[in-house]
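Chain residues, written in single-letter form:
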Amino acid sequence: MSAPFRFPKFFVTSPAPCPYLPGKIERKVFTELSGHHAGELNEALGRIGFRRSQSVAYRPSCIECQACVSVRVAANEFVPSTTQKKLIRRHSDLEVTACKPWTTEEQFELLRRYLSVRHPGGGMAEMDENDFADMVEQTPVRTYVVEYREPSVDERPGRLVGACLSDQQSDGLSMIYSFYDPSLTDRKGLGTFIILDHINRAARAGLPYVYLGYWVEGSERMAYKASFRPIEKLGRDGWKRFEPGPAVPTAKVRTPGLLKV
């Protein structure tokens with residue numbers, strides 16, 4: 001006989017500067033993912049807008065702002081645009097492998113290069129190898145590190161140029177965090193390609209959705225998520241299709257790091 005399911009206890013973080021909108025204050029509500037039902041709880045919470053960070057599920061709970069909206073792509077209906085098709089062809093030589101959630105020095109060095117160029121001074125900029133290991137390996141659910149490598153030579157693995165920490169759920173793939181080498185001029189669009197690959201992987205596996213996390217209307221930093229359609233957002237009446245509006249330039253703000261309570 002299985003152990004009885006216990007309703008999770010929820011907590012709220014202390015107010016902190018918003019990582020997306022300058023001048024705003026954010027709070028998060030969170031709960032621990034543990035025990036035999038951690039996977040089921042994570043999926044249930046994911047459908048109502050929670051995200052996973054290590055063994056914690058969280059979502060924004062800001063008092064005066066509801067700008068952060070959960071979004072997901074309908075993988076089975078997705079048709080790439082002309083530009084996206086060009087990216088798929090450009091990176092079609094990459095060797096993609098779904099690895100167990102164990103970190104490597106190569107992955108960490110790639111993350112450091114990514115953060116130093118794309119998010120210098122951000123919330124993850126001071127991460128060390130132990131922080132990275134915690135981010136990847138502390139998972140109570142079905143998680144992979146999807147690696148993107150250049151073609152192997154003489155049976156030796158090619159250079160690692162991209163990676164994504166991803167959860168597999170019964171209704172789709174949840175992209176937790178992706179990173180890549182932004183200095184490769186012949187590999188432009190790697191971030192977009194990683195999302196396209198996840199959409200394709202989900203569709204091939206018969207999984208209807210790819211969860212992209214939060215989207216903020218009008219935020220230039222979030223605008224890229226709107227290019228993957230059909231896209232759905234979570235509102236008071238559940239998940240609904242929508243047409244995102246144009247983004248507007250915003251001031252640079254820090255990149256959110258690991259959940260801090």
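Calculation notes
- Residues numbered from 1 in each chain as written.
- Predicted model: local features only at pLDDT ≥ 70, side-chain atom pairs only at ≥ 80, totals over all residues.
- Heavy atoms only, no water.
- Helix = DSSP H or I, 4+ residues; strand = E, 2+ residues; numbered from the N terminus.
- Expected span 1.5 Å × (residues − 1).
- Buried < 20%, exposed > 50% of the residue type's maximum accessible area, 1.4 Å probe, protein only.
- Arc of directions from axis to C-beta.
- Contact = heavy atoms within 4.5 Å.
- UniProt positions renumbered as here; feature names shortened; annotations may be inferred.
- Axes fitted to C-alpha atoms, helices over the stretch in contact; angles between N-to-C directions.
- Parallel < 35°, antiparallel > 145°, perpendicular 65-115°, else oblique.
- Polar contact = N/O pair within 3.5 Å; in protein donor to acceptor, adjacent residues only side chain to side chain.

Draft legend 1. Quick look at helix 3 (residues 105–118). In this model, helix 3 (14 residues) spans 20 Å end to end at C-alpha, consistent with the 20 Å of a helix rising 1.5 Å per residue. Listing the buried residues of helix 3 in full gives Gln107, Phe108, Leu110, Leu111, Tyr114 and Leu115. Relative to the axis of helix 3, the buried residues are bounded by an arc of 160° and lie together on one face. Buried residues belonging to helix 3 abut helix 4 (129–137), strand 9 (143–149), strand 10 (160–169) and strand 11 (172–180).

Draft legend 2. The arrangement of the UniProt feature "domain: N-end rule aminoacyl transferase C-terminal" (unreviewed entry) in the protein in detail. Under the local residue numbering, the UniProt record ascribes the feature "domain: N-end rule aminoacyl transferase C-terminal" (unreviewed entry) to residues 106–234. Secondary structure within residues 106–234 divides into 29% helix and 29% strand; the distance between the first and last C-alpha atoms comes to 36 Å.

Draft legend 3. Looking closely at the packing of helix 2 (residues 82–90) against helix 5 (residues 190–204). Viewed as axis vectors pointing N to C, helix 2 and helix 5 meet at an angle of 90°, and their least axial separation amounts to 10 Å. By the angle between their directions, the pair helix 2 and helix 5 is classed as roughly perpendicular. Here Gln84, Leu87 and Ile88 of helix 2 lie close against helix 5, whose contacting residues are Thr192, Phe193 and Leu196.

Draft legend 4. Geometry of the environment of Cys62. Within the element layout of this structure, Cys62 appears in the loop between strand 6 (56–60) and strand 7 (68–74). Once residues lying within four places of it in the same chain are set aside, the contact partners of Cys62 are Ile25, Glu26 and Arg27.

Draft legend 5. The side chain of Ser70, seen in detail. Mapping Ser70 onto the fold places it in strand 7. Using a relative accessible area of 8% as the deciding quantity, one classes Ser70 as buried. A distance of 3.3 Å separates the side chain of Ser70 from the backbone oxygen of Gly49, its partner in a polar contact. What Ser70 contacts, discounting residues up to four positions off in sequence, is Gly49, Gly213, Tyr214, Glu232, Lys233, Leu234 and Trp239.

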